[in-house]
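Spelled out from the first residue to the last, the chains are:
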Amino acid sequence: MRSRILVPLILFLAAAPALAQSAPPLSTFSIVACDPETGFWGVAVQSRVVGAGSIVPAAEADAGAIATQAAANVSFKRRGLELLRAGRSAEEVHDEFVRGDPGIADRQFAIADRACRVAAFTGDSTSAWAGHRTGAGFSVQGNILTGPEVVEAMARAYQEAVAARRPFGERMLAALKAGQAAGGDRRGRQGAGMLIVKRGAGYGGGDDVYADLHVEDHVEPILELERVYGVWMSLFHPEDHFLPNGSQAIAAPAGPHVCLLRNLLARAGHGTATEAEYCAFDEEVITPLKAFQRANNLPVRAALTPETAARLREAAGASPAP
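The rules behind each value
Residues numbered from 1 in each chain as written. Predicted model: local features only at pLDDT ≥ 70, side-chain atom pairs only at ≥ 80, totals over all residues. Heavy atoms only, no water. Salt bridge = Lys/Arg side-chain N within 4 Å of Asp/Glu carboxyl O. Buried < 20%, exposed > 50% of the residue type's maximum accessible area, 1.4 Å probe, protein only. Helix = DSSP H or I, 4+ residues; strand = E, 2+ residues; numbered from the N terminus. Phe/Tyr/Trp six-rings, centres within 6.5 Å; stacked < 30°, edge-to-face > 60°. Axes fitted to C-alpha atoms, helices over the stretch in contact; angles between N-to-C directions. Parallel < 35°, antiparallel > 145°, perpendicular 65-115°, else oblique. Left-handed = near helix turned anticlockwise from the far one by under 90°. Contact = heavy atoms within 4.5 Å. Nonpolar A, V, L, I, M, F, W, Y, C, P; charged D, E, K, R; others polar.

A. Region of interest: the pattern of salt bridges. The tally for this structure, following the rule as stated, stands at 19 salt bridges. The residue Asp-113 makes a salt bridge to Arg-117 at a minimum N-O spacing of 2.8 Å. You can call Arg-117 partly exposed: its relative accessible area is 45%. Across the pair Arg-189 and Glu-220 runs a salt bridge, and its minimum N-O distance is 2.9 Å. Of the two residues, Arg-189 sits in the loop between helix 6 (168-181) and strand 9 (191-197) while Glu-220 sits in the loop between strand 10 (209-215) and helix 7 (221-236), which places them 31 residues apart along the sequence. Given a relative accessible area of 32%, Arg-189 falls into the partly exposed group. By relative accessible area, which is 32% here, Glu-220 ends up partly exposed.

Next comes the structure, spelled out in C-alpha coordinates:
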(Lines give C-alpha, C1' and ligand atoms only; values in the text may rest on other atoms or scores of the structure.)
Protein backbone atom coordinates (compact mmCIF):
# COMPACT_ATOMS: atom_id res chain seq x y z
CA MET A 1 0.00 0.00 0.00
CA ARG A 2 2.79 2.41 0.93
CA SER A 3 4.59 1.95 -2.43
CA ARG A 4 1.40 2.70 -4.38
CA ILE A 5 1.03 6.03 -2.56
CA LEU A 6 4.74 6.87 -2.67
CA VAL A 7 5.25 6.58 -6.44
CA PRO A 8 2.55 9.15 -7.44
CA LEU A 9 3.83 11.46 -4.70
CA ILE A 10 7.39 11.27 -6.05
CA LEU A 11 6.16 11.97 -9.58
CA PHE A 12 4.15 14.99 -8.35
CA LEU A 13 7.10 16.42 -6.40
CA ALA A 14 9.37 16.00 -9.41
CA ALA A 15 6.93 17.96 -11.53
CA ALA A 16 6.25 20.63 -8.89
CA PRO A 17 9.08 23.04 -9.88
CA ALA A 18 7.85 23.12 -13.48
CA LEU A 19 4.28 23.66 -12.34
CA ALA A 20 5.33 26.51 -10.08
CA GLN A 21 7.23 28.24 -12.87
CA SER A 22 4.41 28.20 -15.44
CA ALA A 23 1.83 30.93 -14.87
CA PRO A 24 -1.52 30.55 -16.62
CA PRO A 25 -1.96 32.91 -19.56
CA LEU A 26 -4.31 35.83 -18.96
CA SER A 27 -6.67 34.75 -21.70
CA THR A 28 -9.39 37.27 -21.19
CA PHE A 29 -11.34 40.21 -22.47
CA SER A 30 -11.04 43.71 -21.10
CA ILE A 31 -11.78 47.37 -21.70
CA VAL A 32 -9.53 50.36 -21.13
CA ALA A 33 -11.44 53.66 -21.13
CA CYS A 34 -11.26 57.31 -20.18
CA ASP A 35 -13.51 60.37 -20.07
CA PRO A 36 -11.70 63.71 -20.11
CA GLU A 37 -14.96 65.55 -19.44
CA THR A 38 -15.40 63.94 -16.04
CA GLY A 39 -11.75 63.04 -15.30
CA PHE A 40 -12.08 59.25 -15.16
CA TRP A 41 -9.67 56.54 -16.33
CA GLY A 42 -10.39 52.86 -15.86
CA VAL A 43 -9.96 49.21 -16.76
CA ALA A 44 -12.47 46.37 -16.44
CA VAL A 45 -11.69 42.70 -17.11
CA GLN A 46 -13.08 39.15 -17.06
CA SER A 47 -11.10 35.93 -17.44
CA ARG A 48 -11.04 32.19 -16.86
CA VAL A 49 -8.16 32.91 -14.47
CA VAL A 50 -8.46 33.62 -10.77
CA GLY A 51 -7.23 37.08 -9.77
CA ALA A 52 -7.49 38.65 -13.23
CA GLY A 53 -8.69 41.87 -11.63
CA SER A 54 -5.39 42.12 -9.75
CA ILE A 55 -3.07 41.18 -12.63
CA VAL A 56 -4.43 42.96 -15.71
CA PRO A 57 -5.26 46.60 -14.81
CA ALA A 58 -3.26 49.66 -13.86
CA ALA A 59 -4.38 53.30 -13.82
CA GLU A 60 -3.31 56.65 -12.43
CA ALA A 61 -5.41 59.81 -12.35
CA ASP A 62 -4.37 62.47 -14.87
CA ALA A 63 -1.84 60.04 -16.38
CA GLY A 64 -3.65 57.11 -17.99
CA ALA A 65 -4.68 53.47 -17.82
CA ILE A 66 -3.21 50.16 -19.02
CA ALA A 67 -4.41 46.57 -19.44
CA THR A 68 -1.82 43.81 -19.94
CA GLN A 69 -2.95 40.28 -20.74
CA ALA A 70 -2.36 37.06 -22.76
CA ALA A 71 1.20 36.15 -21.65
CA ALA A 72 0.88 39.27 -19.53
CA ASN A 73 4.01 41.33 -18.98
CA VAL A 74 3.04 42.91 -15.66
CA SER A 75 6.08 45.22 -15.77
CA PHE A 76 4.15 47.11 -18.48
CA LYS A 77 1.95 48.52 -15.71
CA ARG A 78 4.70 50.19 -13.71
CA ARG A 79 6.78 51.24 -16.72
CA GLY A 80 3.75 52.38 -18.70
CA LEU A 81 2.44 54.61 -15.92
CA GLU A 82 5.90 56.13 -15.50
CA LEU A 83 5.96 57.04 -19.19
CA LEU A 84 2.38 58.32 -19.21
CA ARG A 85 3.03 60.39 -16.10
CA ALA A 86 5.98 61.96 -17.93
CA GLY A 87 3.68 63.03 -20.75
CA ARG A 88 4.30 60.30 -23.30
CA SER A 89 1.39 59.49 -25.61
CA ALA A 90 -0.36 56.13 -25.75
CA GLU A 91 1.21 55.48 -29.16
CA GLU A 92 4.70 56.29 -27.87
CA VAL A 93 4.26 53.90 -24.92
CA HIS A 94 2.92 51.27 -27.31
CA ASP A 95 6.01 51.59 -29.51
CA GLU A 96 8.38 51.36 -26.55
CA PHE A 97 6.69 48.19 -25.29
CA VAL A 98 6.89 46.58 -28.72
CA ARG A 99 10.56 47.52 -29.23
CA GLY A 100 11.75 46.50 -25.78
CA ASP A 101 10.05 43.16 -25.12
CA PRO A 102 11.52 40.00 -26.77
CA GLY A 103 8.31 38.13 -25.92
CA ILE A 104 6.03 40.71 -27.51
CA ALA A 105 4.49 38.23 -29.97
CA ASP A 106 2.75 36.54 -27.01
CA ARG A 107 1.45 39.75 -25.44
CA GLN A 108 -1.72 41.78 -25.64
CA PHE A 109 -2.13 45.22 -24.14
CA ALA A 110 -4.05 48.49 -24.39
CA ILE A 111 -3.23 52.01 -23.22
CA ALA A 112 -5.16 55.25 -22.68
CA ASP A 113 -3.08 58.38 -22.07
CA ARG A 114 -3.78 61.64 -20.22
CA ALA A 115 -5.35 63.17 -23.34
CA CYS A 116 -7.62 60.11 -23.69
CA ARG A 117 -5.83 58.87 -26.80
CA VAL A 118 -5.71 55.08 -27.05
CA ALA A 119 -3.38 52.46 -28.51
CA ALA A 120 -3.62 48.67 -28.47
CA PHE A 121 -1.55 45.66 -29.50
CA THR A 122 -2.28 41.97 -30.11
CA GLY A 123 0.77 39.77 -30.73
CA ASP A 124 0.89 37.32 -33.62
CA SER A 125 1.37 34.36 -31.26
CA THR A 126 -1.57 35.04 -28.93
CA SER A 127 -4.13 32.24 -28.86
CA ALA A 128 -7.08 32.51 -31.25
CA TRP A 129 -9.36 34.18 -31.40
CA ALA A 130 -7.41 37.26 -30.37
CA GLY A 131 -7.79 40.90 -31.36
CA HIS A 132 -8.84 44.38 -30.34
CA ARG A 133 -11.07 47.27 -31.39
CA THR A 134 -10.47 50.92 -30.53
CA GLY A 135 -12.75 53.95 -30.56
CA ALA A 136 -13.05 57.42 -29.10
CA GLY A 137 -11.69 57.14 -25.57
CA PHE A 138 -11.66 53.34 -25.31
CA SER A 139 -10.09 50.07 -26.41
CA VAL A 140 -11.57 46.58 -26.06
CA GLN A 141 -9.41 43.49 -26.45
CA GLY A 142 -9.32 39.79 -25.77
CA ASN A 143 -7.72 36.44 -26.53
CA ILE A 144 -8.91 32.82 -26.50
CA LEU A 145 -12.32 34.26 -27.35
CA THR A 146 -15.14 32.59 -29.22
CA GLY A 147 -14.56 35.04 -32.07
CA PRO A 148 -14.36 38.69 -33.16
CA GLU A 149 -18.01 39.15 -32.26
CA VAL A 150 -16.94 39.46 -28.61
CA VAL A 151 -14.91 42.67 -29.00
CA GLU A 152 -17.34 44.02 -31.59
CA ALA A 153 -20.23 43.62 -29.12
CA MET A 154 -18.15 45.23 -26.38
CA ALA A 155 -17.35 48.26 -28.54
CA ARG A 156 -21.02 48.74 -29.49
CA ALA A 157 -22.21 48.42 -25.91
CA TYR A 158 -19.66 50.93 -24.63
CA GLN A 159 -20.50 53.48 -27.30
CA GLU A 160 -24.23 53.09 -26.64
CA ALA A 161 -23.65 53.57 -22.90
CA VAL A 162 -21.64 56.73 -23.58
CA ALA A 163 -24.40 58.07 -25.85
CA ALA A 164 -26.94 57.33 -23.09
CA ARG A 165 -24.81 59.35 -20.62
CA ARG A 166 -24.50 56.40 -18.25
CA PRO A 167 -21.98 56.75 -15.40
CA PHE A 168 -18.41 55.75 -16.25
CA GLY A 169 -18.35 52.45 -14.33
CA GLU A 170 -21.67 51.37 -15.83
CA ARG A 171 -20.25 51.95 -19.32
CA MET A 172 -17.43 49.51 -18.66
CA LEU A 173 -19.77 46.97 -17.08
CA ALA A 174 -22.02 47.22 -20.14
CA ALA A 175 -19.02 46.36 -22.34
CA LEU A 176 -18.11 43.32 -20.22
CA LYS A 177 -21.68 42.04 -20.15
CA ALA A 178 -21.98 42.42 -23.91
CA GLY A 179 -18.71 40.58 -24.46
CA GLN A 180 -19.86 37.68 -22.30
CA ALA A 181 -23.25 37.56 -24.02
CA ALA A 182 -21.48 37.36 -27.39
CA GLY A 183 -19.42 34.33 -26.30
CA GLY A 184 -16.62 35.65 -24.11
CA ASP A 185 -13.60 33.56 -23.16
CA ARG A 186 -14.14 30.19 -24.85
CA ARG A 187 -12.75 28.35 -21.79
CA GLY A 188 -15.41 29.79 -19.48
CA ARG A 189 -15.34 32.36 -16.69
CA GLN A 190 -13.83 32.76 -13.25
CA GLY A 191 -12.41 36.16 -12.20
CA ALA A 192 -13.27 39.77 -12.91
CA GLY A 193 -12.26 43.21 -11.76
CA MET A 194 -12.64 46.94 -12.21
CA LEU A 195 -10.22 49.76 -11.45
CA ILE A 196 -11.37 53.39 -11.77
CA VAL A 197 -9.33 56.46 -10.84
CA LYS A 198 -10.14 60.15 -10.63
CA ARG A 199 -8.19 62.98 -9.00
CA GLY A 200 -9.10 63.22 -5.30
CA ALA A 201 -12.01 60.77 -5.61
CA GLY A 202 -10.68 58.04 -3.33
CA TYR A 203 -11.82 57.17 0.18
CA GLY A 204 -12.20 60.40 2.14
CA GLY A 205 -10.44 62.27 -0.67
CA GLY A 206 -7.15 60.77 0.49
CA ASP A 207 -6.17 59.27 -2.87
CA ASP A 208 -7.41 58.91 -6.46
CA VAL A 209 -8.81 55.35 -6.34
CA TYR A 210 -12.50 55.85 -7.08
CA ALA A 211 -13.14 52.07 -7.17
CA ASP A 212 -10.90 48.99 -7.11
CA LEU A 213 -13.18 45.95 -7.10
CA HIS A 214 -12.26 42.28 -7.56
CA VAL A 215 -14.21 39.05 -7.99
CA GLU A 216 -11.59 36.34 -7.68
CA ASP A 217 -13.55 33.11 -8.20
CA HIS A 218 -17.22 33.01 -9.15
CA VAL A 219 -19.50 31.13 -11.55
CA GLU A 220 -20.82 34.50 -12.86
CA PRO A 221 -17.96 36.91 -12.22
CA ILE A 222 -19.32 39.81 -14.28
CA LEU A 223 -22.73 39.72 -12.63
CA GLU A 224 -21.08 39.48 -9.22
CA LEU A 225 -18.82 42.41 -10.12
CA GLU A 226 -21.91 44.39 -11.13
CA ARG A 227 -23.56 43.59 -7.79
CA VAL A 228 -20.48 44.58 -5.79
CA TYR A 229 -20.13 47.75 -7.87
CA GLY A 230 -23.71 48.71 -6.95
CA VAL A 231 -23.01 48.16 -3.24
CA TRP A 232 -19.76 50.15 -3.44
CA MET A 233 -21.31 53.05 -5.32
CA SER A 234 -24.34 53.21 -3.03
CA LEU A 235 -22.07 53.58 -0.02
CA PHE A 236 -19.11 55.61 -1.29
CA HIS A 237 -20.35 57.51 -4.36
CA PRO A 238 -24.14 57.83 -4.03
CA GLU A 239 -24.11 61.26 -5.74
CA ASP A 240 -22.76 59.57 -8.90
CA HIS A 241 -24.86 56.42 -8.59
CA PHE A 242 -28.39 57.58 -7.87
CA LEU A 243 -30.55 60.00 -9.81
CA PRO A 244 -30.40 62.86 -10.62
CA ASN A 245 -26.69 62.60 -11.48
CA GLY A 246 -26.44 58.81 -11.75
CA SER A 247 -28.77 56.29 -13.34
CA GLN A 248 -30.24 54.37 -10.39
CA ALA A 249 -33.55 55.16 -8.72
CA ILE A 250 -33.22 56.76 -5.28
CA ALA A 251 -33.11 53.61 -3.20
CA ALA A 252 -31.16 55.31 -0.41
CA PRO A 253 -33.58 57.90 1.09
CA ALA A 254 -30.81 60.12 2.45
CA GLY A 255 -27.34 61.16 1.41
CA PRO A 256 -25.37 63.62 -0.73
CA HIS A 257 -27.34 62.64 -3.83
CA VAL A 258 -30.47 64.09 -2.19
CA CYS A 259 -28.62 67.35 -1.50
CA LEU A 260 -27.68 67.45 -5.17
CA LEU A 261 -31.35 66.97 -6.13
CA ARG A 262 -32.46 69.75 -3.78
CA ASN A 263 -29.90 72.18 -5.20
CA LEU A 264 -30.77 71.35 -8.79
CA LEU A 265 -34.44 72.01 -8.01
CA ALA A 266 -33.50 75.37 -6.46
CA ARG A 267 -31.48 76.31 -9.55
CA ALA A 268 -34.51 75.41 -11.66
CA GLY A 269 -36.67 77.76 -9.57
CA HIS A 270 -38.26 75.33 -7.11
CA GLY A 271 -37.48 75.16 -3.40
CA THR A 272 -34.39 76.37 -1.55
CA ALA A 273 -30.74 75.42 -1.88
CA THR A 274 -28.70 73.86 0.90
CA GLU A 275 -25.05 73.73 1.89
CA ALA A 276 -25.55 70.51 3.82
CA GLU A 277 -23.56 67.45 2.78
CA TYR A 278 -26.22 64.95 3.84
CA CYS A 279 -29.93 65.45 3.12
CA ALA A 280 -33.13 63.47 3.60
CA PHE A 281 -35.68 62.82 0.88
CA ASP A 282 -38.38 64.69 2.81
CA GLU A 283 -40.89 67.47 2.13
CA GLU A 284 -38.06 69.98 1.66
CA VAL A 285 -37.29 68.02 -1.49
CA ILE A 286 -40.57 66.29 -2.39
CA THR A 287 -42.68 69.46 -2.53
CA PRO A 288 -40.39 71.32 -4.98
CA LEU A 289 -39.90 68.09 -6.95
CA LYS A 290 -43.65 67.80 -7.50
CA ALA A 291 -43.81 71.49 -8.42
CA PHE A 292 -41.12 70.96 -11.04
CA GLN A 293 -42.96 67.91 -12.41
CA ARG A 294 -46.23 69.89 -12.72
CA ALA A 295 -44.48 72.82 -14.40
CA ASN A 296 -42.92 70.50 -16.97
CA ASN A 297 -45.95 68.27 -17.68
CA LEU A 298 -44.31 65.25 -16.07
CA PRO A 299 -46.02 62.59 -13.93
CA VAL A 300 -46.41 64.10 -10.44
CA ARG A 301 -45.23 61.77 -7.71
CA ALA A 302 -42.67 61.56 -4.93
CA ALA A 303 -40.16 59.77 -7.14
CA LEU A 304 -37.39 60.76 -9.48
CA THR A 305 -37.41 59.08 -12.89
CA PRO A 306 -34.59 59.22 -15.46
CA GLU A 307 -36.76 61.47 -17.65
CA THR A 308 -37.41 63.91 -14.80
CA ALA A 309 -33.71 63.89 -13.86
CA ALA A 310 -32.65 64.66 -17.42
CA ARG A 311 -35.16 67.52 -17.69
CA LEU A 312 -34.06 68.85 -14.30
CA ARG A 313 -30.37 68.83 -15.21
CA GLU A 314 -31.22 70.67 -18.41
CA ALA A 315 -33.37 73.24 -16.62
CA ALA A 316 -30.70 73.81 -13.97
CA GLY A 317 -27.90 74.06 -16.53
CA ALA A 318 -26.07 71.22 -14.82
CA SER A 319 -23.25 69.09 -16.20
CA PRO A 320 -24.27 65.69 -17.61
CA ALA A 321 -23.97 62.52 -15.61
CA PRO A 322 -20.44 61.27 -14.78
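B. Examining the packing of aromatic side chains more closely. Under the counting rule described, the total for this entry stands at 9 aromatic pairs. For the pair Phe-40 and Tyr-210, a centre-to-centre distance of 4.8 Å together with 75° between the ring planes defines the contact as edge-to-face. Of this pair, Phe-40 sits in strand 2 (residues 40-47) while Tyr-210 sits in strand 10; the two residues are 170 residues apart in sequence, bridging distant segments of the chain. One aromatic cluster is present, built from ring pairs that chain together Phe-76, Phe-97, Phe-109 and Phe-121.

C. Looking closely at the packing of helix 6 against helix 7. Remark: helix 6 packs on helix 7, axes separated minimally by 10 Å, with the N-to-C direction vectors making an angle of 165°. The angle between helix 6 and helix 7 places the two elements in the roughly antiparallel class. The handedness of the crossing between helix 6 and helix 7 comes out as left-handed. Residue-level inspection shows Gly-169, Glu-170, Leu-173, Leu-176, Lys-177 and Gln-180 of helix 6 in contact with helix 7, the latter providing Ile-222, Leu-223, Leu-225, Glu-226 and Tyr-229. Its residues assigned to classes, the contact of helix 6 with helix 7 comprises 6 nonpolar, 2 polar and 3 charged.

Bear in mind that shape data such as this cannot, by itself, settle questions of function.
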